[in-house]
There are 2 protein chains.
Amino acid sequence: MTEHGTRVYSPRERMVFSAAQLIRRDGVGATGMRDVAAHADAPRGSLQHYFPGGKEQLVGEAVTWAGNYAARRVTRNLAALPADDRRPSRLFAALISQWTEECLATDFAFGCPVAAVTVDCADTTDSARTAAAQAFDCWRRPLAAALTELGVPQARGASLATLMVSTLEGALLIARAERDTHALTTVSAELGPLLDAAVM
Amino acid sequence: MTEHGTRVYSPRERMVFSAAQLIRRDGVGATGMRDVAAHADAPRGSLQHYFPGGKEQLVGEAVTWAGNYAARRVTRNLAALPADDRRPSRLFAALISQWTEECLATDFAFGCPVAAVTVDCADTTDSARTAAAQAFDCWRRPLAAALTELGVPQARGASLATLMVSTLEGALLIARAERDTHALTTVSAELGPLLDAAVM
DNA sequence: CCATTATTATGACGGTGGTCATAGAGGTGC
DNA sequence: GCACCTCTATGACCACCGTCATAATAATGG
(Lines give C-alpha, C1' and ligand atoms only; values in the text may rest on other atoms or scores of the structure.)
Protein backbone atom coordinates (compact mmCIF):
# COMPACT_ATOMS: atom_id res chain seq x y z
CA MET A 1 0.00 0.00 0.00
CA THR A 2 2.71 2.46 0.89
CA GLU A 3 4.72 1.75 -2.16
CA HIS A 4 5.73 5.20 -3.34
CA GLY A 5 9.37 5.39 -2.50
CA THR A 6 10.28 7.04 0.74
CA ARG A 7 8.59 10.38 0.38
CA VAL A 8 7.03 11.86 3.47
CA TYR A 9 3.35 12.52 3.22
CA SER A 10 1.69 15.61 4.55
CA PRO A 11 -0.89 15.23 7.29
CA ARG A 12 -3.52 16.09 4.75
CA GLU A 13 -2.45 13.34 2.39
CA ARG A 14 -2.25 10.89 5.23
CA MET A 15 -5.77 11.68 6.30
CA VAL A 16 -7.16 11.10 2.83
CA PHE A 17 -5.24 7.87 2.63
CA SER A 18 -6.34 6.75 6.06
CA ALA A 19 -9.94 7.60 5.25
CA ALA A 20 -9.78 5.34 2.22
CA GLN A 21 -8.28 2.55 4.29
CA LEU A 22 -10.82 2.76 7.05
CA ILE A 23 -13.71 3.12 4.65
CA ARG A 24 -12.79 0.06 2.68
CA ARG A 25 -12.49 -1.91 5.85
CA ASP A 26 -15.45 -0.70 7.91
CA GLY A 27 -17.67 1.18 5.48
CA VAL A 28 -18.43 4.86 5.45
CA GLY A 29 -20.90 4.90 8.30
CA ALA A 30 -18.64 3.14 10.74
CA THR A 31 -15.67 5.32 9.92
CA GLY A 32 -15.50 8.32 12.23
CA MET A 33 -13.56 11.48 11.67
CA ARG A 34 -11.73 11.02 14.94
CA ASP A 35 -10.73 7.55 13.80
CA VAL A 36 -9.32 8.93 10.59
CA ALA A 37 -7.20 11.47 12.40
CA ALA A 38 -5.94 8.87 14.82
CA HIS A 39 -5.16 6.38 12.08
CA ALA A 40 -3.26 9.03 10.15
CA ASP A 41 -1.37 10.21 13.21
CA ALA A 42 -2.73 13.60 12.39
CA PRO A 43 -4.06 16.22 14.75
CA ARG A 44 -7.80 16.23 15.09
CA GLY A 45 -7.90 19.97 14.67
CA SER A 46 -6.53 19.64 11.18
CA LEU A 47 -9.68 17.98 10.01
CA GLN A 48 -11.78 21.09 9.93
CA HIS A 49 -8.83 23.02 8.58
CA TYR A 50 -8.06 20.84 5.59
CA PHE A 51 -11.56 19.57 5.02
CA PRO A 52 -13.94 22.44 5.69
CA GLY A 53 -16.53 20.49 3.73
CA GLY A 54 -16.60 17.97 6.54
CA LYS A 55 -16.93 14.26 6.18
CA GLU A 56 -18.53 14.57 2.80
CA GLN A 57 -15.44 16.20 1.40
CA LEU A 58 -13.11 13.73 3.04
CA VAL A 59 -15.05 10.77 1.69
CA GLY A 60 -15.06 12.30 -1.75
CA GLU A 61 -11.32 12.83 -1.78
CA ALA A 62 -10.70 9.37 -0.42
CA VAL A 63 -12.66 7.71 -3.17
CA THR A 64 -11.05 9.90 -5.80
CA TRP A 65 -7.67 8.91 -4.49
CA ALA A 66 -8.73 5.28 -4.67
CA GLY A 67 -9.77 5.68 -8.29
CA ASN A 68 -6.41 7.13 -9.23
CA TYR A 69 -4.68 4.39 -7.33
CA ALA A 70 -6.61 1.72 -9.20
CA ALA A 71 -5.71 3.40 -12.49
CA ARG A 72 -2.03 3.41 -11.59
CA ARG A 73 -2.28 -0.25 -10.80
CA VAL A 74 -3.57 -0.99 -14.26
CA THR A 75 -0.80 0.82 -16.08
CA ARG A 76 1.81 -0.66 -13.82
CA ASN A 77 0.57 -4.19 -14.33
CA LEU A 78 0.38 -3.64 -18.05
CA ALA A 79 3.98 -2.52 -18.12
CA ALA A 80 5.03 -5.49 -16.03
CA LEU A 81 3.59 -8.05 -18.42
CA PRO A 82 6.23 -10.37 -19.85
CA ALA A 83 7.26 -9.33 -23.33
CA ASP A 84 6.64 -12.78 -24.79
CA ASP A 85 3.09 -13.22 -23.53
CA ARG A 86 1.15 -10.00 -23.55
CA ARG A 87 -2.44 -11.18 -23.68
CA PRO A 88 -5.45 -9.50 -22.04
CA SER A 89 -6.00 -12.54 -19.88
CA ARG A 90 -2.57 -12.00 -18.39
CA LEU A 91 -3.37 -8.47 -17.43
CA PHE A 92 -6.62 -9.51 -15.82
CA ALA A 93 -4.92 -12.34 -14.00
CA ALA A 94 -2.28 -9.97 -12.70
CA LEU A 95 -4.87 -7.56 -11.36
CA ILE A 96 -6.86 -10.35 -9.75
CA SER A 97 -3.75 -11.82 -8.27
CA GLN A 98 -2.83 -8.53 -6.69
CA TRP A 99 -6.19 -8.31 -4.98
CA THR A 100 -5.94 -11.94 -3.98
CA GLU A 101 -2.64 -11.39 -2.28
CA GLU A 102 -4.02 -8.38 -0.51
CA CYS A 103 -6.96 -10.40 0.72
CA LEU A 104 -4.72 -13.10 2.10
CA ALA A 105 -2.19 -10.69 3.58
CA THR A 106 -4.84 -8.75 5.47
CA ASP A 107 -7.06 -11.70 6.34
CA PHE A 108 -9.84 -10.33 4.14
CA ALA A 109 -10.11 -7.18 6.17
CA PHE A 110 -10.09 -4.80 3.23
CA GLY A 111 -12.46 -4.41 0.33
CA CYS A 112 -12.70 -1.74 -2.30
CA PRO A 113 -13.31 1.79 -1.03
CA VAL A 114 -15.21 2.76 -4.14
CA ALA A 115 -17.63 -0.09 -3.59
CA ALA A 116 -18.03 0.89 0.03
CA VAL A 117 -18.83 4.48 -0.80
CA THR A 118 -21.26 3.43 -3.48
CA VAL A 119 -23.12 1.11 -1.16
CA ASP A 120 -23.25 3.59 1.70
CA CYS A 121 -23.77 6.90 -0.07
CA ALA A 122 -25.32 6.25 -3.47
CA ASP A 123 -28.77 7.35 -2.42
CA THR A 124 -27.95 9.93 0.22
CA THR A 125 -24.80 11.84 -0.65
CA ASP A 126 -24.75 12.85 -4.25
CA SER A 127 -21.24 14.25 -4.20
CA ALA A 128 -19.86 10.96 -2.96
CA ARG A 129 -21.86 9.03 -5.51
CA THR A 130 -20.48 11.22 -8.28
CA ALA A 131 -16.96 10.78 -6.98
CA ALA A 132 -17.47 7.02 -7.00
CA ALA A 133 -18.71 7.12 -10.57
CA GLN A 134 -15.66 9.12 -11.60
CA ALA A 135 -13.44 6.70 -9.75
CA PHE A 136 -14.90 3.80 -11.69
CA ASP A 137 -14.37 5.72 -14.89
CA CYS A 138 -10.86 6.62 -13.89
CA TRP A 139 -10.24 2.94 -13.38
CA ARG A 140 -11.89 1.74 -16.53
CA ARG A 141 -10.27 4.20 -18.89
CA PRO A 142 -6.65 2.96 -18.67
CA LEU A 143 -7.99 -0.56 -18.71
CA ALA A 144 -9.66 0.04 -22.05
CA ALA A 145 -6.51 1.69 -23.33
CA ALA A 146 -4.46 -1.28 -22.21
CA LEU A 147 -6.79 -3.67 -24.00
CA THR A 148 -6.48 -1.82 -27.28
CA GLU A 149 -2.75 -1.79 -26.84
CA LEU A 150 -2.91 -5.54 -26.44
CA GLY A 151 -4.76 -5.85 -29.71
CA VAL A 152 -8.41 -5.55 -28.80
CA PRO A 153 -10.45 -3.36 -31.15
CA GLN A 154 -11.36 -0.05 -29.59
CA ALA A 155 -15.09 -0.68 -29.66
CA ARG A 156 -14.72 -3.90 -27.71
CA GLY A 157 -12.12 -2.45 -25.35
CA ALA A 158 -14.50 -0.20 -23.50
CA SER A 159 -17.05 -2.95 -23.04
CA LEU A 160 -14.51 -5.47 -21.88
CA ALA A 161 -13.05 -2.96 -19.45
CA THR A 162 -16.48 -2.55 -17.90
CA LEU A 163 -16.82 -6.30 -17.75
CA MET A 164 -13.45 -6.67 -16.07
CA VAL A 165 -14.12 -4.06 -13.42
CA SER A 166 -17.57 -5.44 -12.74
CA THR A 167 -16.34 -8.98 -12.38
CA LEU A 168 -13.38 -8.04 -10.25
CA GLU A 169 -15.51 -5.94 -7.97
CA GLY A 170 -18.12 -8.63 -7.53
CA ALA A 171 -15.62 -11.40 -7.00
CA LEU A 172 -13.86 -9.31 -4.40
CA LEU A 173 -17.15 -8.90 -2.62
CA ILE A 174 -17.82 -12.62 -2.59
CA ALA A 175 -14.29 -13.41 -1.54
CA ARG A 176 -14.57 -11.09 1.41
CA ALA A 177 -17.87 -12.57 2.52
CA GLU A 178 -16.58 -16.11 2.21
CA ARG A 179 -13.10 -15.35 3.43
CA ASP A 180 -11.94 -17.42 0.53
CA THR A 181 -10.20 -16.41 -2.65
CA HIS A 182 -11.81 -19.04 -4.84
CA ALA A 183 -14.24 -16.54 -6.39
CA LEU A 184 -11.31 -14.40 -7.47
CA THR A 185 -9.35 -17.24 -9.01
CA THR A 186 -12.47 -18.65 -10.63
CA VAL A 187 -13.44 -15.48 -12.45
CA SER A 188 -9.85 -14.98 -13.50
CA ALA A 189 -9.76 -18.40 -15.10
CA GLU A 190 -13.20 -18.19 -16.65
CA LEU A 191 -12.90 -14.73 -18.10
CA GLY A 192 -9.42 -15.18 -19.54
CA PRO A 193 -10.37 -16.98 -22.77
CA LEU A 194 -13.11 -14.48 -23.50
CA LEU A 195 -10.69 -11.60 -23.19
CA ASP A 196 -8.03 -13.21 -25.36
CA ALA A 197 -10.60 -14.09 -27.99
CA ALA A 198 -11.23 -10.41 -28.50
CA VAL A 199 -7.71 -9.82 -29.75
CA MET A 200 -7.68 -9.29 -33.47
CA MET B 1 -40.81 -6.68 -4.68
CA THR B 2 -44.06 -7.57 -2.95
CA GLU B 3 -44.99 -10.18 -5.43
CA HIS B 4 -46.16 -13.07 -3.27
CA GLY B 5 -49.84 -13.10 -3.80
CA THR B 6 -51.99 -11.37 -1.25
CA ARG B 7 -50.89 -13.06 1.91
CA VAL B 8 -50.65 -10.91 4.99
CA TYR B 9 -47.25 -10.79 6.56
CA SER B 10 -46.65 -10.85 10.26
CA PRO B 11 -44.97 -7.87 11.87
CA ARG B 12 -41.89 -9.96 12.28
CA GLU B 13 -41.71 -10.81 8.60
CA ARG B 14 -42.33 -7.22 7.66
CA MET B 15 -39.49 -6.07 9.85
CA VAL B 16 -37.03 -8.47 8.27
CA PHE B 17 -38.21 -7.42 4.85
CA SER B 18 -38.02 -3.74 5.69
CA ALA B 19 -34.57 -4.18 7.14
CA ALA B 20 -33.39 -5.67 3.86
CA GLN B 21 -34.94 -2.81 1.92
CA LEU B 22 -33.42 -0.09 4.05
CA ILE B 23 -30.04 -1.80 4.17
CA ARG B 24 -29.78 -2.14 0.45
CA ARG B 25 -30.67 1.49 0.04
CA ASP B 26 -28.72 3.18 2.85
CA GLY B 27 -26.24 0.59 4.05
CA VAL B 28 -26.16 -1.13 7.41
CA GLY B 29 -24.73 1.72 9.42
CA ALA B 30 -27.28 4.26 8.28
CA THR B 31 -30.20 1.94 8.91
CA GLY B 32 -31.58 2.39 12.39
CA MET B 33 -33.78 0.02 14.27
CA ARG B 34 -36.39 2.70 14.75
CA ASP B 35 -36.38 3.26 11.00
CA VAL B 36 -36.97 -0.42 10.39
CA ALA B 37 -39.95 -0.52 12.72
CA ALA B 38 -41.41 2.60 11.15
CA HIS B 39 -40.87 1.35 7.61
CA ALA B 40 -42.54 -1.94 8.48
CA ASP B 41 -45.43 -0.27 10.25
CA ALA B 42 -44.51 -2.40 13.19
CA PRO B 43 -44.47 -1.45 16.84
CA ARG B 44 -41.07 -0.44 18.09
CA GLY B 45 -41.47 -2.59 21.14
CA SER B 46 -41.63 -5.69 18.97
CA LEU B 47 -38.03 -5.29 17.97
CA GLN B 48 -36.58 -6.51 21.20
CA HIS B 49 -39.26 -9.14 21.42
CA TYR B 50 -38.70 -10.75 18.03
CA PHE B 51 -35.03 -9.98 17.75
CA PRO B 52 -33.49 -10.38 21.19
CA GLY B 53 -30.14 -10.59 19.43
CA GLY B 54 -30.51 -6.96 18.50
CA LYS B 55 -29.43 -5.39 15.27
CA GLU B 56 -26.97 -8.13 14.56
CA GLN B 57 -29.74 -10.68 14.45
CA LEU B 58 -31.98 -8.50 12.35
CA VAL B 59 -29.24 -7.84 9.82
CA GLY B 60 -28.48 -11.52 9.65
CA GLU B 61 -32.06 -12.49 8.99
CA ALA B 62 -32.44 -9.74 6.43
CA VAL B 63 -29.48 -10.91 4.42
CA THR B 64 -30.58 -14.52 4.67
CA TRP B 65 -33.98 -13.52 3.40
CA ALA B 66 -32.30 -11.70 0.53
CA GLY B 67 -30.31 -14.78 -0.38
CA ASN B 68 -33.43 -16.90 -0.54
CA TYR B 69 -35.13 -14.25 -2.57
CA ALA B 70 -32.31 -14.18 -5.08
CA ALA B 71 -32.45 -17.95 -5.34
CA ARG B 72 -36.17 -17.86 -6.04
CA ARG B 73 -35.53 -15.33 -8.75
CA VAL B 74 -33.16 -17.69 -10.48
CA THR B 75 -35.53 -20.62 -10.56
CA ARG B 76 -38.41 -18.43 -11.63
CA ASN B 77 -36.46 -16.90 -14.47
CA LEU B 78 -35.28 -20.31 -15.54
CA ALA B 79 -38.84 -21.56 -15.70
CA ALA B 80 -39.91 -18.50 -17.65
CA LEU B 81 -37.40 -19.02 -20.42
CA PRO B 82 -39.06 -19.56 -23.79
CA ALA B 83 -39.17 -23.23 -24.73
CA ASP B 84 -37.55 -22.65 -28.09
CA ASP B 85 -34.50 -20.74 -26.87
CA ARG B 86 -33.24 -21.99 -23.58
CA ARG B 87 -29.62 -20.88 -23.55
CA PRO B 88 -27.58 -19.78 -20.52
CA SER B 89 -27.19 -16.33 -22.01
CA ARG B 90 -30.94 -15.95 -21.95
CA LEU B 91 -31.08 -16.74 -18.27
CA PHE B 92 -28.34 -14.27 -17.49
CA ALA B 93 -29.97 -11.62 -19.63
CA ALA B 94 -33.26 -12.17 -17.84
CA LEU B 95 -31.65 -11.74 -14.44
CA ILE B 96 -29.77 -8.65 -15.54
CA SER B 97 -32.87 -7.21 -17.08
CA GLN B 98 -34.79 -7.66 -13.87
CA TRP B 99 -32.18 -5.70 -11.95
CA THR B 100 -32.08 -3.11 -14.68
CA GLU B 101 -35.79 -2.51 -14.46
CA GLU B 102 -35.55 -2.25 -10.72
CA CYS B 103 -32.80 0.33 -11.06
CA LEU B 104 -34.83 2.42 -13.42
CA ALA B 105 -38.07 2.04 -11.50
CA THR B 106 -36.49 3.17 -8.23
CA ASP B 107 -34.14 5.75 -9.71
CA PHE B 108 -31.12 3.70 -8.66
CA ALA B 109 -32.03 3.94 -5.02
CA PHE B 110 -31.59 0.25 -4.26
CA GLY B 111 -28.59 -2.00 -4.47
CA CYS B 112 -28.03 -5.52 -3.25
CA PRO B 113 -28.47 -6.06 0.48
CA VAL B 114 -25.94 -8.85 0.53
CA ALA B 115 -23.34 -6.56 -0.94
CA ALA B 116 -24.21 -3.86 1.58
CA VAL B 117 -23.85 -6.19 4.51
CA THR B 118 -20.58 -7.54 3.19
CA VAL B 119 -19.12 -4.09 2.77
CA ASP B 120 -20.28 -2.85 6.15
CA CYS B 121 -19.85 -5.88 8.36
CA ALA B 122 -17.28 -8.19 6.83
CA ASP B 123 -14.55 -7.23 9.23
CA THR B 124 -16.56 -6.39 12.33
CA THR B 125 -19.61 -8.64 12.64
CA ASP B 126 -18.75 -12.20 11.94
CA SER B 127 -22.32 -13.47 12.11
CA ALA B 128 -23.39 -11.03 9.42
CA ARG B 129 -20.41 -11.91 7.28
CA THR B 130 -21.26 -15.59 7.54
CA ALA B 131 -24.87 -14.89 6.67
CA ALA B 132 -23.72 -12.97 3.61
CA ALA B 133 -21.50 -15.85 2.54
CA GLN B 134 -24.41 -18.24 2.89
CA ALA B 135 -26.61 -15.87 0.94
CA PHE B 136 -24.14 -15.84 -1.92
CA ASP B 137 -24.03 -19.61 -1.82
CA CYS B 138 -27.79 -19.84 -1.66
CA TRP B 139 -27.89 -17.69 -4.76
CA ARG B 140 -25.17 -19.48 -6.66
CA ARG B 141 -26.44 -22.99 -6.07
CA PRO B 142 -29.67 -22.82 -8.10
CA LEU B 143 -27.76 -20.89 -10.73
CA ALA B 144 -25.32 -23.72 -11.15
CA ALA B 145 -28.18 -26.20 -11.24
CA ALA B 146 -29.91 -24.15 -13.89
CA LEU B 147 -26.78 -24.08 -16.00
CA THR B 148 -26.41 -27.85 -15.95
CA GLU B 149 -30.07 -28.16 -16.83
CA LEU B 150 -29.36 -25.94 -19.82
CA GLY B 151 -26.61 -28.24 -20.92
CA VAL B 152 -23.50 -26.96 -19.19
CA PRO B 153 -21.28 -29.68 -17.74
CA GLN B 154 -21.45 -29.81 -13.98
CA ALA B 155 -17.83 -28.89 -13.42
CA ARG B 156 -18.19 -25.73 -15.45
CA GLY B 157 -21.59 -24.90 -13.98
CA ALA B 158 -20.30 -24.00 -10.56
CA SER B 159 -17.57 -21.80 -11.94
CA LEU B 160 -19.85 -20.02 -14.33
CA ALA B 161 -22.38 -19.45 -11.58
CA THR B 162 -19.70 -17.72 -9.55
CA LEU B 163 -18.76 -15.68 -12.57
CA MET B 164 -22.35 -14.67 -13.17
CA VAL B 165 -22.99 -13.59 -9.61
CA SER B 166 -19.71 -11.69 -9.46
CA THR B 167 -20.35 -9.87 -12.68
CA LEU B 168 -23.92 -9.05 -11.84
CA GLU B 169 -22.98 -7.76 -8.44
CA GLY B 170 -20.17 -5.61 -9.76
CA ALA B 171 -22.20 -4.23 -12.63
CA LEU B 172 -24.98 -3.36 -10.26
CA LEU B 173 -22.51 -1.45 -8.16
CA ILE B 174 -21.23 0.52 -11.13
CA ALA B 175 -24.71 1.18 -12.40
CA ARG B 176 -25.72 2.59 -9.08
CA ALA B 177 -22.70 4.85 -8.87
CA GLU B 178 -23.19 6.12 -12.40
CA ARG B 179 -26.96 6.16 -12.27
CA ASP B 180 -26.80 4.51 -15.63
CA THR B 181 -27.68 0.99 -16.66
CA HIS B 182 -25.05 0.69 -19.34
CA ALA B 183 -22.76 -1.41 -17.16
CA LEU B 184 -25.56 -3.92 -16.68
CA THR B 185 -26.43 -4.16 -20.36
CA THR B 186 -22.78 -4.30 -21.32
CA VAL B 187 -21.89 -7.23 -19.10
CA SER B 188 -25.03 -9.02 -20.21
CA ALA B 189 -24.04 -8.71 -23.84
CA GLU B 190 -20.38 -9.52 -23.29
CA LEU B 191 -20.85 -12.52 -21.06
CA GLY B 192 -23.60 -14.14 -23.10
CA PRO B 193 -21.43 -15.82 -25.73
CA LEU B 194 -19.09 -17.20 -23.11
CA LEU B 195 -21.96 -18.78 -21.26
CA ASP B 196 -23.53 -20.30 -24.35
CA ALA B 197 -20.18 -21.65 -25.48
CA ALA B 198 -20.09 -23.81 -22.37
CA VAL B 199 -23.11 -25.81 -23.46
CA MET B 200 -22.16 -29.24 -24.66
C1' DC C 1 10.45 42.09 15.74
C1' DC C 2 5.95 42.37 14.24
C1' DA C 3 1.86 41.11 11.59
C1' DT C 4 -0.34 37.79 9.28
C1' DT C 5 -1.36 33.43 8.09
C1' DA C 6 -1.26 28.45 8.66
C1' DT C 7 -1.84 24.91 11.66
C1' DT C 8 -3.07 22.55 15.96
C1' DA C 9 -5.55 21.92 20.54
C1' DT C 10 -9.53 21.26 23.12
C1' DG C 11 -13.90 21.44 24.89
C1' DA C 12 -18.76 21.80 24.15
C1' DC C 13 -23.22 21.07 21.77
C1' DG C 14 -26.99 18.92 19.62
C1' DG C 15 -28.47 14.89 17.67
C1' DT C 16 -28.80 9.99 17.06
C1' DG C 17 -28.38 5.22 17.80
C1' DG C 18 -28.71 0.66 20.10
C1' DT C 19 -30.10 -1.16 24.12
C1' DC C 20 -32.34 -1.82 28.46
C1' DA C 21 -36.05 -1.51 32.12
C1' DT C 22 -40.44 -1.43 33.17
C1' DA C 23 -45.06 -1.55 32.66
C1' DG C 24 -49.25 -1.99 30.14
C1' DA C 25 -52.66 -4.67 26.86
C1' DG C 26 -54.46 -8.69 24.69
C1' DG C 27 -55.54 -13.10 24.39
C1' DT C 28 -56.00 -18.24 26.08
C1' DG C 29 -56.81 -21.99 29.14
C1' DC C 30 -58.41 -23.71 33.38
C1' DG D 1 -61.64 -14.65 37.87
C1' DC D 2 -56.98 -15.86 37.75
C1' DA D 3 -52.72 -17.15 36.01
C1' DC D 4 -49.90 -17.18 32.08
C1' DC D 5 -47.82 -16.10 27.90
C1' DT D 6 -47.39 -13.17 23.88
C1' DC D 7 -46.99 -8.86 22.29
C1' DT D 8 -46.75 -3.74 22.63
C1' DA D 9 -45.62 0.95 24.66
C1' DT D 10 -42.58 4.22 26.31
C1' DG D 11 -39.07 6.47 28.43
C1' DA D 12 -34.42 6.53 29.87
C1' DC D 13 -29.46 5.64 29.56
C1' DC D 14 -25.04 5.95 27.71
C1' DA D 15 -21.98 6.18 24.09
C1' DC D 16 -20.68 8.10 19.97
C1' DC D 17 -20.49 11.24 16.03
C1' DG D 18 -20.08 15.39 13.12
C1' DT D 19 -19.63 19.96 13.81
C1' DC D 20 -18.57 24.29 15.78
C1' DA D 21 -16.26 27.89 18.78
C1' DT D 22 -12.38 29.46 20.57
C1' DA D 23 -7.89 29.85 21.63
C1' DA D 24 -3.20 28.68 21.49
C1' DT D 25 0.89 27.76 18.90
C1' DA D 26 4.02 27.53 14.92
C1' DA D 27 5.56 29.37 10.61
C1' DT D 28 6.29 32.93 7.38
C1' DG D 29 7.43 37.21 5.34
C1' DG D 30 8.27 41.94 5.41
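Please refer to the structure higher up on the page.
Residues numbered from 1 in each chain as written. Chains lettered and ligands numbered in written order. Predicted model: local features only at pLDDT ≥ 70, side-chain atom pairs only at ≥ 80, totals over all residues. Heavy atoms only, no water.

Q: So what's going on with the overall build of chain A? Residues and values would help.
A: From N to C terminus, chain A includes nine helices and zero strands. Mapped in sequence order, the helices and strands of chain A form the string α-α-α-α-α-α-α-α-α. At 18 Å, chain A has a C-alpha radius of gyration in line with the 16 Å of a compact globule built from 200 residues. For chain A, with 200 residues in total, the buried portion stands at 56%. A sequence separation of at least 24 residues applies to 68% of the contacts in chain A between residues at least 6 apart. As displayed, chain A offers around 8,200 Å² of accessible surface, 54% of which is attributable to carbon and sulfur atoms. Each charge class in chain A can be summarised by its mean position, and for the 20 positive and 22 negative side chains these summaries are 4 Å apart. (Helix = DSSP H or I, 4+ residues; strand = E, 2+ residues; numbered from the N terminus. Rg over C-alpha atoms; globule rule 2.2 N^0.38 Å. Buried < 20%, exposed > 50% of the residue type's maximum accessible area, 1.4 Å probe, protein only. Contact = heavy atoms within 4.5 Å. Areas by Shrake-Rupley, 256 points an atom, 1.4 Å probe, with all protein chains shown as cover. Lys, Arg positive; Asp, Glu negative; His and termini not counted. Charge placed at Lys NZ, Arg CZ, Asp CG, Glu CD.)

Q: Describe in detail the interface of chain B and chain A, supporting the description with residues and values.
A: Tallying the contact residues gives 41 residues for chain B and 41 residues for chain A. Summing both partners gives a buried area of about 3,700 Å² for chain B against chain A, and 64% of it is carried by carbon and sulfur. Ranking the residues of chain B by area buried against chain A places Val119, Leu173 and Glu190 of chain B at the top, with a combined share of 18%. Where chain B meets chain A, there are four salt bridges. Here Glu190 of chain B ties to Arg156 of chain A by a salt bridge, and the two come within 2.8 Å at their closest N and O atoms. Inspection of the chain B/chain A interface yields nine residue pairs in polar contact (both at pLDDT 80 or more). Broken down by secondary-structure element, the contributors of at least two residues to the side of chain B that touches chain A are helix H1 (11-26), helix H6 (113-121), helix H7 (126-149), helix H8 (154-178) and helix H9 (182-197) of chain B. At 16 residues, the largest contribution of residues to the side of chain B that touches chain A is made by H8 of chain B. Split by residue class, the side of chain B that touches chain A holds 19 nonpolar, ten polar and twelve charged. (Buried area = accessible area lost by both parts, 1.4 Å probe. Salt bridge = Lys/Arg side-chain N within 4 Å of Asp/Glu carboxyl O. Polar contact = N/O pair within 3.5 Å; in protein donor to acceptor, adjacent residues only side chain to side chain. Nonpolar A, V, L, I, M, F, W, Y, C, P; charged D, E, K, R; others polar.)

Q: Report on helix H7 (residues 126-149) of chain A, specifying residues and quantitative values.
A: Between its first and last C-alpha atoms H7 of chain A spans 35 Å; for 24 residues at 1.5 Å apiece the expected length is 34 Å, and the two agree. Phi turns positive one or two residues past the end of H7 of chain A, at Gly151 of chain A, with a value near 110°. (Expected span 1.5 Å × (residues − 1).)

Q: I'd love a proper account of the protein's contact with DNA strand C, names of residues and values included.
A: Neighbouring residues of DNA strand C: 15 residues in total, closest Pro43, Arg44 and Ser46 of chain A together with Arg34 and Gln48 of chain B. Here, DNA strand C places atoms within 4 Å of the protein, and 45% of those atoms are sugar or phosphate. Between DNA strand C and Arg44 of chain A there is a distance of 2.4 Å, counted from a base oxygen to a side-chain nitrogen or oxygen. Gln48 of chain B places a polar side-chain atom, nitrogen or oxygen, 2.7 Å from a base nitrogen of DNA strand C. Taken together, the elements giving at least two residues each to the surface near DNA strand C come down to helix H3 (45-50) of chain A together with helix H2 (33-39) and helix H4 (54-79) of chain B. The element best represented in the surface near DNA strand C is H3 of chain A, accounting for five residues. Among the residues making up the surface near DNA strand C, the classes are represented as three nonpolar, eight polar and four charged. (Near = heavy atom within 4 Å.)

Q: Before we move on, could you go through the side chain of Ser188 of chain A and cite the residues and values that matter?
A: Position of Ser188 of chain A among the secondary structure elements: in helix H9 (residues 182-197). Assessed through its relative accessible area of 16%, Ser188 of chain A is described here as buried.

Q: So, the protein's contact with DNA strand D: which residues are in play, and what are the values?
A: Not every one of the 17 residues close to DNA strand D is listed here, only the nearest: Arg34 and Lys55 of chain A together with Pro43, Arg44 and Ser46 of chain B. The sugar-phosphate backbone supplies 47% of the atoms of DNA strand D found within 4 Å of the protein. Between a base nitrogen of DNA strand D and a side-chain N or O atom of Gln48 of chain A, the distance comes to 2.6 Å. Note that a phosphate oxygen of DNA strand D is positioned 2.3 Å from one of the side-chain N or O atoms of Ser46 of chain B. Elements with a minimum of two residues in the surface near DNA strand D: helix H2 (33-39) and helix H4 (54-79) of chain A together with helix H3 (45-50) of chain B. Considering each element in turn, the surface near DNA strand D owes the most residues, five residues, to H3 of chain B. Residues that form the surface near DNA strand D fall into these classes: three nonpolar, eight polar and six charged.

Q: Can you tell me about the packing of aromatic side chains, naming the residues and giving the values?
A: Each aromatic ring pair is specified by the distance between its two centres and by the angle formed by the two planes. Taken as a whole, this structure holds four aromatic pairs over all chains when the rule is applied. With a centroid separation of 5.3 Å and 10° between ring planes, the pair formed by Trp65 of chain A and Tyr69 of chain A is classed as stacked. Of this pair, Trp65 of chain A and Tyr69 of chain A both sit in helix H4, separated by four residues, roughly a single helical turn. Consider the rings of Phe17 of chain B and Trp65 of chain B, whose centres lie 5.2 Å apart with planes at 85°: the pair is edge-to-face. You can see Phe17 of chain B sitting in helix H1 and its partner Trp65 of chain B sitting in helix H4, a full 48 residues away along the chain. Since its relative accessible area comes to 19%, Phe17 of chain B is described here as buried. Grouped by ring-pair contacts, the aromatic residues Phe17, Trp65 and Tyr69 of chain A constitute a single cluster. Note that Arg73 of chain B overlies the ring of Trp99 of chain B, its terminal NZ or CZ placed 5.0 Å from the centroid. (Phe/Tyr/Trp six-rings, centres within 6.5 Å; stacked < 30°, edge-to-face > 60°. Lys NZ or Arg CZ within 6 Å of the ring centre and 35° of its normal.)

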